[in-house]
Amino acid sequence: MSELIIRFLIGGAVVSLFALLGDILRPKSFAGLFGAAPSVALATIGLTIAKNGSQYAATEARSMIWGAVGFFTYASVVCWVLMRYKLDTLLTTICLLPIWAGTSFGLWYWLARSS
């Protein structure tokens with residue numbers, strides 16, 4: 001239970017910091033980039049280091065990086081499809097979710113085979 005409270009407090013503090021940073025930056029569309037995801041990642045890495053050690057945390061951090069690469073690929077394809085074909089936003093974002101998963105798991109598989 002105390003781990004959840006610590007994660008909540010760290011996450012809340014970092015979310016507030018990122019929200020302040022997003023409020024300062026222009027254009028305002030950048031504010032969403034500095035929302036919950038970075039703070040949750042930082043809180044998780046900090047707690048993972050404390051609980052399982054830095055080696056395990058390094059593996060978790062690499063997984064987060066591949067997930068971020070997958071998300072960037074997904075977001076880029078969604079933007080391109082929406083701008084090019086003017087489709088329904090909800091339908092497009094849902095239908096293209098496999099791109100995120102495929103990229104992330106593909107990178108993970110490729111790295112697992114190469115090591």
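Note that the coordinates shown come from a computational prediction; the quantities given were computed from them, not determined experimentally.

Procedures and definitions
Residue indices begin from 1 for each chain and proceed along its sequence in written order. A pLDDT threshold of at least 70 governs which residues receive local features in this predicted model, and a stricter bar of 80 or more applies before side-chain atom pairs are shown or counted, although totals over entire chains, interfaces and linings include all residues. Excluding hydrogens and water, the side-chain figures rest on all heavy atoms present in the structure. Only DSSP runs of H or I reaching four residues or more are called helices, and only runs of E reaching two or more are called strands; each is numbered from the N terminus. Only protein chains enter the accessibility calculation, which uses a 1.4 Å probe; a residue whose area is less than 20% of its type maximum is buried, one above 50% is exposed, and one in between is partly exposed. Contact criterion: two residues are considered in contact whenever any of their non-hydrogen atoms come within 4.5 Å of each other. All accessible-area figures derive from a Shrake-Rupley calculation using a 1.4 Å probe, and residue coverage is judged against the displayed protein chains alone. Axis definition: a line fitted to C-alpha atoms, limited for helices to the stretch in contact. Angles are taken between N-to-C directions and run from 0 to 180 degrees. By convention, the crossing between two helices is left-handed when the near helix turns anticlockwise from the far helix through less than a right angle, and right-handed when the turn is clockwise. Three classes are used: nonpolar for Ala, Val, Leu, Ile, Met, Phe, Trp, Tyr, Cys and Pro, charged for Asp, Glu, Lys and Arg, and polar for all others, with Gly counted as polar. Every residue is assigned a pLDDT by the predictor, reflecting its confidence on a scale from 0 to 100.

1. Observations concerning the overall build of the protein
Piece 1. Within the protein, the regular secondary structure consists of 5 helices and 0 strands.
Piece 2. Listed by position from the N terminus, the elements making up the protein come as α-α-α-α-α.
Piece 3. Sorting the 115 residues of the protein into buried and exposed places 17% on the buried side.
Piece 4. In the protein, 44% of the contacts between residues at least 6 apart in sequence involve partners at least 24 apart.
Piece 5. As displayed, the protein offers around 8,400 Å² of accessible surface, 74% of which is attributable to carbon and sulfur atoms.

2. Details of the packing of helix H3 (residues 54-85) against helix H5 (residues 97-114)
Piece 1. In contact at an axis separation of 8 Å, H3 and H5 are set at 145° when each is read in the N-to-C sense. Judged by the twist between their axes, the crossing of H3 over H5 is right-handed. Each of Trp 66, Gly 67, Val 69, Gly 70, Phe 71, Thr 73, Tyr 74 and Val 77 in H3 lies in contact with H5, whose residues at this interface are Leu 97, Ile 99, Trp 100, Thr 103, Ser 104, Leu 107 and Leu 111.
Piece 2. Within the contact of H3 with H5, the residues separate by chemical class into 10 nonpolar, 5 polar and no charged.

3. Overview of the confidence of the model for the protein
As a note on interpretation, predicted positions should not be read in detail where pLDDT is low.
Piece 1. On average, residues of the protein carry a pLDDT of 84, and 88% of them reach 70 or more.
Piece 2. For the protein, per-element mean pLDDT is lowest for helix H1 (residues 2-24), which scores 77, and highest for helix H4 (residues 89-95), which scores 94.

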